[in-house]
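Breakdown of the fold
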Amino acid sequence: MTTTAPALDSLNGTSLVEAYLAANPETRSYLHATFQGKRTSGDDLVDKHLKPMIDTVYRQIRALVAPSTLTTAQARMYIAELAVFARHNAQFLRLAAAQVYGSCPALGHEFDRNFLEEGGEPGKVPAHYILYTRALLTDLGLLVNGHVPADETAKLVLQHQVLVNSHMTGLIAGGYYATEGVAVAETEILRDITDRYGELTIQATGAELQNLDYYYRLHLDEGHEAAQIGGMSVEEAHIEGLVRFLRQSDLFRLDLPQALEGFLQIFNAMAHWWTQLAYRARELN
């Protein structure tokens, strides 16, 4: 499998997902067969094809971003843009839940559970966006609240909004598996970017940035107080909670090709977004 990141200029209009499928014809063929109804195993689709694609593409994204090499301006740009989706994620989860309850109550319940974690459940951890933006302000003096997003970020938000308003339950399930399936990798990249900004501006990283460290541990640590499912971090629990609807599409009466369509719509959108941000960062160099 291809694991190194292609140079930005070498992509020449080809997305990281397209490049992955070109380098992994067995996955490309399996996706084609799933769309044609010739492959119906959700386990095989997820474990043999979607998970490896997520892992490889996000290793490439990390290499393109190269957090340890960013300038202050580049790191600030990434931080501001990455905060935008977090601003809207809770409301998207709530909309998704409302859309699917009639056809798949179990999926609606899963979206509601995620919504309460992201949006802030009374008596528990506050809304994640509030925690994050307060941490940026307290630890780094960075104000991202009200940031007007770049065009590529606005496009990503729009694509999520269109997805959660779909009448197709499978499409929403697949799209949100893409969103959650990359969440651990994206959080780890963001942690490295904020560490880089702290290193350059106040010579502090990691646990020295106490509020940001709490936020990242909340998402990534299995033993964190916010973890509600034993043995899994908050993000891992979100991933496993959603992926079972692809694995057991027959049980939940979800259309697997439809779910694959939703996955590719959002996964392609996110990979494109990161690539465009890398171009933008290069212009700031």
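What this report covers is the structure whose coordinates are included nearby. Since the structure is predicted, the reported quantities are computational estimates derived from the model, not experimental observations.

1. A look at the packing of aromatic side chains
On inspection of all chains with the given rule, the structure shows ten aromatic pairs. Among the aromatic side chains, those forming a connected cluster through ring pairs are Y58, Y177, F263 and F267.

2. Section: the pattern of salt bridges
Tallied over the full model, the rule gives nine salt bridges. A salt bridge links D44 to K48; its shortest N-O distance comes to 3.6 Å. Of this pair, D44 and K48 both sit in helix α4 (residues 42–65), four residues apart, roughly one helical turn. Classification of D44 as partly exposed rests on a relative accessible area of 26%. Residues K51 and E240 are paired through a salt bridge, measuring 3.9 Å at the closest nitrogen-oxygen approach. Of the two residues, K51 is situated in helix α4 and E240 in helix α12 (residues 234–247); the sequence distance between them amounts to 189 residues. Several salt bridges converge on common partners, so that one network encompasses D43, D47 and R247.

What counts, and at which threshold
Residues numbered from 1 in each chain as written. Predicted model: local features only at pLDDT ≥ 70, side-chain atom pairs only at ≥ 80, totals over all residues. Heavy atoms only, no water. Phe/Tyr/Trp six-rings, centres within 6.5 Å; stacked < 30°, edge-to-face > 60°. Salt bridge = Lys/Arg side-chain N within 4 Å of Asp/Glu carboxyl O. Helix = DSSP H or I, 4+ residues; strand = E, 2+ residues; numbered from the N terminus. Buried < 20%, exposed > 50% of the residue type's maximum accessible area, 1.4 Å probe, protein only.

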